[in-house]
Amino acid sequence: MPEFSPVFREQLHDLFRWRRDVRHFRRDPLPEPVLDGLLRTACLAPSVGLSEPWRFVRVDDPHRRAAVRSDFARCNARALSDRAGVDAQRYARLKLAGLDDAPHHVAVLSHPEPAQGRGLGRGTMPQTTTWSTVMAIHTFWLAATAAGIGVGWVSIIDPERIKAMLDVDPALELVAYLCVGYPARPASTPELERRGWERRAPERREWIRR
Ligand SMILES: Cc1cc2nc3c(=O)[nH]c(=O)nc-3n(C[C@H](O)[C@H](O)[C@H](O)COP(=O)(O)O)c2cc1C
């Protein structure tokens, strides 16, 4: 086990602080070995029973991408119509995906009943497979940030329709649809905070004690 120096730990904290959900991308693609490296790092994530339930799908086909883009537009329009007044106006001003510019699209799916891991740890908490996949996504996200690469998580989509578009095993669960590429500009604060939608709550940094 290597020793992590205080300088490294400070830089690691900076990495956590500077990880952003990115919605403005440059269009130039990432080198393939860099993308492969991010996937390999993501696979270092913990998983229930060592089941590694994640499946990372590269969506390169322009027709599939266009279909995902229009599903997002449909779901986003519905989300807007569910809101009223000032709230709707503010929602309409948000940019909630980088699907047009991001050079890479990655769908992340999770196997709900993987043979790997032989069921260990899932008996009473079957959702642990999904959580394991989220751990892998976060690991991917941090590794990308460390390499100057942006990741944007899109969840305003219909998971069943996206799975059909991607022609994947219907038993898999869609956990995330990620836009990946070099960010158009750095940002020290969440976009939703910059646009006045929401801000980090100081009380979340306090323990709840029982
Ligand atoms: C599960 C999950 C789903 C998300 N879905 C979306 C989304 O559909 N569109 C979007 O713009 N951001 C999405 N985000 C990003 C959040 O808005 C973002 O993480 C949050 O505002 C904090 O900003 P930061 O990630 O830059 O710190 C999602 C994040 C998570 C963890």
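Note that this is a predicted model, so its numbers are computed, not measured. Here the residue numbers are simple positions, counted from 1 along each chain's written sequence. Confidence filtering applies because this is a predicted model: local features only for residues at pLDDT of at least 70, side-chain atom pairs given and counted only at 80 or more, and all residues used for totals across whole chains, interfaces and linings. No hydrogens and no water enter the side-chain calculation; it runs on all heavy atoms of the structure.

Enquirer: Where do I start with helix H3 (residues 62–81) in this structure?
Expert: Each α-helix winds once per 3.6 residues, and so residues spaced three or four apart point in a common direction. Only DSSP runs of H or I with at least four residues qualify as helices, and only runs of E with at least two residues qualify as strands; both kinds are numbered from the N terminus onward. Expected span, for any helix, means 1.5 Å times one less than how many residues it has. For H3, built from 20 residues, the straight-helix expectation of 28 Å at 1.5 Å per residue is met to within 8% by its first-to-last C-alpha distance of 28 Å. Whether a residue is buried, partly exposed or exposed follows from its accessible area with a 1.4 Å probe, protein chains only, as a fraction of its type maximum: under 20%, in between, or over 50%, in that order. Buried residues of H3: Arg65, Val68, Asp71, Phe72, Cys75 and Asn76, and no others. Seen along its axis, H3 keeps its buried residues to an arc of 130°; they face one direction. In H3, the exposed residues that point more than 90 degrees away from the buried face are Pro62, His63 and Ser81. For this quantity, the arc is that covered by the directions from the helix axis to the C-beta atoms.

Enquirer: Would you explain the sheet that holds strand E1 (residues 54–58) in this entry?
Expert: Whenever strands of a sheet pair, they do so through backbone hydrogen bonds, lying parallel or antiparallel. Reading across from one edge, E1-E2-E4-E3 is the order of the four strands in this open sheet, with antiparallel pairing throughout. Each edge of the sheet is formed by a strand with only one pairing partner; in this case those strands are E1 and strand E3 (150–154). Strand-to-strand twist of the sheet, defined as the mean angle between neighbouring strand axes without regard to direction, takes the value 25°. One requirement defines pairing of two strands: DSSP has to find at least two bridges between them. Across seven bridges, the pairing between strand E2 (residues 104–110) and strand E4 (residues 173–181) is antiparallel. Within E4, the position partnered with Ala107 by the bridge is Tyr177. Between two residues, a contact is recorded if the distance between any of their heavy atoms is within 4.5 Å. Axis definition: a line fitted to C-alpha atoms, over the contacting stretch in the case of helices. Angles run 0 to 180 degrees between N-to-C directions. In the packing of helix H5 (residues 128–146) onto the sheet, contacts are made with E1, E2, E3 and E4, and the angle to E4 comes to roughly 5°. Along the sheet face, helix H6 (residues 159–166) touches E2 and E4 and points at about 70° away from the line of E4.

Enquirer: Got a minute to help me understand the packing of helix H1 (residues 6–18) against H5 in this structure?
Expert: For any two helices packed against each other, one specifies the crossing angle of their axes together with the interaxial distance. For the pair H1 and H5, interaxial distance at closest approach is 10 Å and the crossing angle is 110°. If you check the angle between H1 and H5, you find them roughly perpendicular. Seen from H1, the contacting residues are Leu15, Phe16 and Trp18; seen from H5, they are Leu142, Thr145 and Ala146. Polar here means any residue outside two lists: the nonpolar Ala, Val, Leu, Ile, Met, Phe, Trp, Tyr, Cys and Pro, and the charged Asp, Glu, Lys and Arg; Gly therefore counts as polar. Taken together, the residues of the contact of H1 with H5 break down into five nonpolar, one polar and no charged. In this scheme, roughly parallel covers angles under 35 degrees and roughly antiparallel covers those over 145, while 65 to 115 is roughly perpendicular and the rest are oblique.

Enquirer: Is there a simple way to explain a nonpolar patch on the surface in this structure?
Expert: By definition, no residue in a patch forms a salt bridge, and every one has over 30% relative accessible area; like charges are joined within 9 Å, nonpolar side chains (Val, Leu, Ile, Met, Phe, Trp, Tyr) within 5 Å. Per-residue and other accessible areas were derived by the Shrake-Rupley procedure at a 1.4 Å probe size, with only the shown protein chains allowed to occlude residues. Here a salt bridge means any side-chain nitrogen of Lys or Arg lying within 4 Å of a carboxyl oxygen belonging to Asp or Glu. A contiguous nonpolar surface patch, about 540 Å² in accessible area, is contributed by Met1, Phe4, Phe8, Leu12 and Phe16. Within the secondary structure, Leu12 is located in helix H1.

Enquirer: Would you explain the site of the ligand in this entry?
Expert: For each residue, the test is whether any non-hydrogen atom lies within 4 Å of the molecule or strand; if one does, the residue is near. Lining the immediate environment of the ligand, one finds Arg19, Arg20, Asp21, Arg23, Leu96, Trp153, Val154, Ser155, Ile156, Pro190, Leu192 and Arg200. Within the side chain of Arg23, an N or O atom sits 3.0 Å from an oxygen atom of the ligand. N or O atoms closer than or at 3.5 Å make up a polar contact, with two conditions inside protein: a donor-capable atom paired with an acceptor-capable one, and, for residues adjacent in sequence, both atoms drawn from side chains. Ser155 is positioned such that a nitrogen or oxygen atom in its backbone is 2.7 Å from an oxygen atom of the ligand. Within the complex, the protein chains bury 74% of what would otherwise be the 620 Å² of accessible surface of the ligand. Its residues assigned to classes, the shell around the ligand comprises six nonpolar, one polar and five charged.

Enquirer: Would you mind showing me how to read the UniProt feature "domain: Nitroreductase" (unreviewed entry) in the chain here?
Expert: UniProt positions are given in the numbering used here, feature names are shortened, and annotations may be inferred rather than shown by experiment. Sequence positions flagged by UniProt for "domain: Nitroreductase" (unreviewed entry) are, in local numbering, residues 17–182. Helix makes up 42% of residues 17–182 and strand 16%. Its end C-alpha atoms lie 18 Å apart.

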